[in-house]
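Structural overview for review
So you can see what is in the structure, the chains are spelled out below.
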Amino acid sequence: MKLDDEEQAMLAGEMGPACAWALDHQIQIGRMFDAEDMVPVSQAHMMADPESLGEAGVAFVERLAGDGAQVSIPMITDPRGVDLEHYRPLGQTEEMADLERRFIAACQAMGIMMTNTCINYQTIMPPVFGDHVAYGDTGVVIYSNSVCGARSNFEGGPSALAAGLTGRTPRYGLHLDRHRRATMRFIVDQTPSDLMEWGVLGAAIGRQAGSYWQVPVIEGIERVPTSDEIKHFGAAMASYGSTPLFHIAGITPECRTVADVDGSDLPAHRIGVDEITTLRQPFGAAGEDVDVVVFAAPQLSLVEMGQLASLCAGRKRASSTDMIVCTSAQVYADAAAMGYVDAIQGFGGTVLTGTCFYQQYAREIGEANGWKRLLSNSAKIVNILGGYGYAPALATMEDCIASAEAGQVVDRGAGV
Amino acid sequence: MSIELKCHVGIGLPVTGTALVADDNFSARYDLDRIKGVFSRPQHKLVGQSYRDVILVLNTAKGGVATAWMLHEMKTRDMAPKAILFNAANTILAQGAALAEMAMCDRFEDGDVTSLIQTGDEVHVDPAAGLVTILNRDGVG
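This brings us to the overall build of chain A. Of regular secondary structure, chain A possesses 16 helices and 14 strands. Computed over C-alpha atoms, the radius of gyration of chain A comes to 21 Å, within 12% of the 22 Å expected from 2.2 N^0.38 for 416 residues, which places it in the range of a compact globule. For chain A, the spread of C-alpha atoms along the three principal axes comes to 65 × 55 × 35 Å. Every one of the 416 residues in chain A was classed for burial, and the buried ones make up 64%. Across chain A, every contact between residues at least 6 apart in sequence was considered, and the portion connecting residues at least 24 apart equals 78%. Put simply, chain A shows about 13900 Å² of open surface, and 49% of that area lies on carbon and sulfur atoms. On chain A, the mean spot of the 28 positive side-chain charges and the mean spot of the 51 negative ones are 2 Å from each other.

Structure below.
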């Protein structure tokens, strides 16, 4: 890789050991993906919950902070694993909370802004078209690439941190025009009508795409989706397919027409009702007792909090069914001011701030609370939690609330 | 007696071990019980099998970014594969391998690595050379 004078100095340790580690790390990645040089980035976003980090990861970050590391660009964080105001009731331990506290202290020492959100594109500072960024969280990356037209690879925590320190990232993958062209073409028979359906459609496309290096272009969407709808669509696609970018003809900014992304001659894959039904089928559980209803993955926007509050008003969850809602601190403040938090809590829901359910020791809190059958409207979260010992099921937001009220899965057979 | 498989230049130091192979994908968060060191996702083709100290051979990566930290965490507890070989790695797996100092290679010239290598094969992985050698066989199949 070609390095400029500043990068050579970083690698030689002239800007401290943390920068030297960061650049060496980036060169290893750049070599594997044939990067020719580095590209400056305007922001970094780091996923790093204590379950993923473990003691070793926290100690690693503490060493960097102890070496005097300072980020050189605005750097923010993905959801935390422990809501320090509400961890004991979930069954999280002091050891988990201590790891979280140590990590937060190390990040703050390095100048990282603890935003603790996976919806920064709705709440903090969305990237602009053509903006090179180093974002973690697959949902953040796919939204930023596809909807905003920014340029980011999936940057895992270590690489996002390296980018925050050096202010750049290896120029490979989605930083290059040639990797942003469509490689698969999908024609959708029916435009989804709610958040869950958008997620299921994203999951169906992601499952067929199946690789980081595939770029789906989608036709047949008949209206402009809301930010929340396309958020669930992208998050599920990234979760099922490790897919970091999609185009929707006539909607996303790089794709006024399929020809703009070189997709005209690609064979068309049809996504009909059968494909959607097949994907949903394993997540059906009508009539079964439900232990916990979860709204998360991604964190809820203010609009989603308002929708949820409306559904909760004047109702109560069953005593046998818990309900967890995850949002960001930025949204929480507004949601509290507007009475949404009170309405959700009045229903018996717990609103967690700055965390996301699957990132907060999901196995341990499931065991501590006896949660097995989990219901959500997030196609992403039901994909993840099977490996954590849950029996996840999928339903619309309306049916999730009805299920929490009844203590059993209510599924009115929504189809896309 | 050996078979040499050429691949793209990878990450990490040379390592030798026994292969555990499946035509399936990989995420440390989605698929593993990292405390017990086994695949835990019921739908995964390796469910119930230990991944500790093996040369894991899979199709591609899936899902989220957590694997980048998790490989490092698993390695420090001595509860990790020796190497992971993919048909196509994603960025997260490569980043995780770099932090964990774990060998990782992908993009094999002779085709689908999950067919080229069989469970139980003795395999030597040399990421810098872009070369994987099956030590116990002299014919692919």
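This paragraph deals with the domain arrangement of chain A. All names here are of chain A. Domain annotation of chain A identifies domain 1 (5–176), domain 2 (181–281) and domain 3 (284–406). Each of domain 2 and domain 3 was reduced to a C-alpha centroid, and the two centroids are 26 Å apart. Across the boundary between the two partners, domain 2 contributes 14 residues, which contact 21 residues of domain 3. Regarding the contact of domain 2 and domain 3, the summed buried area is about 1300 Å², with carbon and sulfur atoms giving 55% of it. Applying the counting criterion to the domain 2 and domain 3 interface returns one salt bridge. Across the pair Lys-231 and Glu-304 runs a salt bridge whose closest N-O atoms are separated by 2.6 Å. For the pair domain 2 and domain 3, the interface holds eight residue pairs in polar contact (both at pLDDT 80 or more). Of all elements in the fold, only α8 (195–209) and α9 (227–241) reach the threshold of two or more residues within the side of domain 2 that touches domain 3. If one sorts the elements of the side of domain 2 that touches domain 3 by residue count, α9 sits on top with seven residues.

Taken together, the contact pairs 37 residues of chain B with 45 residues of chain A. Taking both sides of the interface into account, the surface hidden between chain B and chain A amounts to around 3200 Å²; carbon and sulfur atoms contribute 60%. Where chain B touches chain A, the interface holds four salt bridges. In this assembly, chain B and chain A are joined by 17 residue pairs in polar contact (both at pLDDT 80 or more).

This part takes up the side chain of Asp-49 of chain A. With respect to the helices and strands, the residue Asp-49 of chain A is situated in the loop between β2 (44–46) and α3 (50–66). A distance of 3.1 Å separates a polar side-chain atom of Asp-49 of chain A from the backbone nitrogen of Glu-51 of chain A. At 2.7 Å, the side chain of Asp-49 of chain A and the backbone nitrogen of Ser-52 of chain A are in polar contact. Once residues within four sequence positions are removed from consideration, Asp-49 of chain A is found in contact with Pro-79, Arg-80, Gly-81 and Gln-359 of chain A together with Arg-29 of chain B.

With that out of the way, let us pick up the packing of α8 of chain A against helix α10 (residues 273–280) of chain A. All names here are of chain A. Interaxial distance between α8 and α10 falls to 10 Å at its minimum, and their mutual angle equals 95°. One way to sum up the angle between α8 and α10 is to call them roughly perpendicular. Across the interface between the two elements, Met-196, Val-200, Leu-201, Ala-203, Ala-204, Arg-207 and Gln-208 of α8 pack against Glu-275, Ile-276, Leu-279 and Arg-280 of α10. Partitioned by chemical class, the residues of the contact of α8 with α10 number seven nonpolar, one polar and three charged.

On to the pairing of strand β5 (residues 55–60) of chain B, then. All names here are of chain B. Here β5 lies mainly inside the structure; five of its six residues are buried. Summarising the sheet, β5 and strand β6 (residues 83–88) pair through five bridges and their orientation is parallel. Note that in β6 the partner of Thr-60 across the bridge is Ala-88. Crossover connection from β5 via helix α2 (residues 67–76) to parallel β6: handedness right-handed.

Before going further, it helps to spend a moment on the environment of Asp-98 of chain A. Residues and elements named next belong to chain A. Mapped onto the elements, Asp-98 comes out in helix α4 (residues 94–109). For Asp-98, a relative accessible area of 37% corresponds to the partly exposed category. On a C-alpha basis, the gap between Asp-98 and Leu-84 in space is 9.5 Å, while along the polypeptide they are 14 residues apart.

A few words now on helix α3 (residues 91–100) of chain B. Burial analysis of α3 of chain B places 10 of its 10 residues in the buried class, which makes it a mostly covered element. What α3 of chain B keeps buried is the set Thr-91, Ile-92, Leu-93, Ala-94, Gln-95, Gly-96, Ala-97, Ala-98, Leu-99 and Ala-100 of chain B. At its buried positions, α3 of chain B is contacted by α2 (17–32), α3 and α7 (157–166) of chain A together with α2, β6 and β7 (103–105) of chain B. One side-chain oxygen at the N-terminal end of α3 of chain B lies 3.2 Å from the backbone nitrogen of Ile-92 of chain B; it belongs to Asn-90 of chain B. At the exit of α3 of chain B stands Glu-101 of chain B, carrying a positive phi of roughly 55°.

Our next topic: the sheet that holds β7 of chain B. Across a sheet, paired strands are connected by hydrogen bonds in the backbone, their directions being either parallel or antiparallel. Residues and elements named next belong to chain B. The seven strands are arranged β1-β9-β8-β2-β5-β6-β7 in an open sheet whose pairing can be described as mixed. With partners counted over all chains shown, the strands left at the sheet margins are β1 (3–6) and β7, one partner each. Neighbour-to-neighbour, the strand axes of the sheet open up by a mean angle of 30°, direction not taken into account.

Glancing now at the state of the cysteines. Counting across every chain of the model gives zero disulfides over all chains. Cys-148 of chain A takes part in no disulfide bond, and the closest cysteine sulfur, belonging to Cys-118 of chain A, lies 14 Å away.

Before going further, it helps to examine the packing of aromatic side chains. In this structure the tally under the stated criterion is 14 aromatic pairs over all chains. Summarising the aromatic geometry, the rings of Phe-60 of chain A and Trp-69 of chain B are spaced 6.4 Å apart at their centres and angled 65° between planes, so their arrangement reads as edge-to-face. One end of the pair, Phe-60 of chain A, is in helix α3; the other, Trp-69 of chain B, is in helix α2, on a second chain. You'll find Phe-60 of chain A and Trp-69 of chain B in the same group, each marked buried. When the centroid spacing of 6.4 Å and the interplanar angle of 50° are considered together, the rings of Phe-26 of chain B and Phe-86 of chain B count as tilted. Taken together, the residues Phe-26 of chain B in the loop between β2 (15–21) and α1 (28–31) and Phe-86 of chain B in strand β6 connect sequence positions 60 residues apart. Across the pair, Phe-86 of chain B and Phe-26 of chain B agree in class, each one buried. By the ring-pair criterion, three or more aromatic residues cluster together here, those being Phe-33, Phe-154, Tyr-172, Tyr-212 and Trp-213 of chain A.

Rules behind the numbers
- Residues numbered from 1 in each chain as written.
- Chains lettered and ligands numbered in written order.
- Predicted model: local features only at pLDDT ≥ 70, side-chain atom pairs only at ≥ 80, totals over all residues.
- Heavy atoms only, no water.
- Helix = DSSP H or I, 4+ residues; strand = E, 2+ residues; numbered from the N terminus.
- Rg over C-alpha atoms; globule rule 2.2 N^0.38 Å.
- Buried < 20%, exposed > 50% of the residue type's maximum accessible area, 1.4 Å probe, protein only.
- Contact = heavy atoms within 4.5 Å.
- Areas by Shrake-Rupley, 256 points an atom, 1.4 Å probe, with all protein chains shown as cover.
- Lys, Arg positive; Asp, Glu negative; His and termini not counted.
- Charge placed at Lys NZ, Arg CZ, Asp CG, Glu CD.
- Domains from an automatic or database assignment.
- Buried area = accessible area lost by both parts, 1.4 Å probe.
- Salt bridge = Lys/Arg side-chain N within 4 Å of Asp/Glu carboxyl O.
- Polar contact = N/O pair within 3.5 Å; in protein donor to acceptor, adjacent residues only side chain to side chain.
- Axes fitted to C-alpha atoms, helices over the stretch in contact; angles between N-to-C directions.
- Parallel < 35°, antiparallel > 145°, perpendicular 65-115°, else oblique.
- Nonpolar A, V, L, I, M, F, W, Y, C, P; charged D, E, K, R; others polar.
- Pairing = 2+ DSSP bridges.
- Right-handed = clockwise from strand over helix to strand, strands pointing away.
- Disulfide = S-S within 2.5 Å.
- Phe/Tyr/Trp six-rings, centres within 6.5 Å; stacked < 30°, edge-to-face > 60°.

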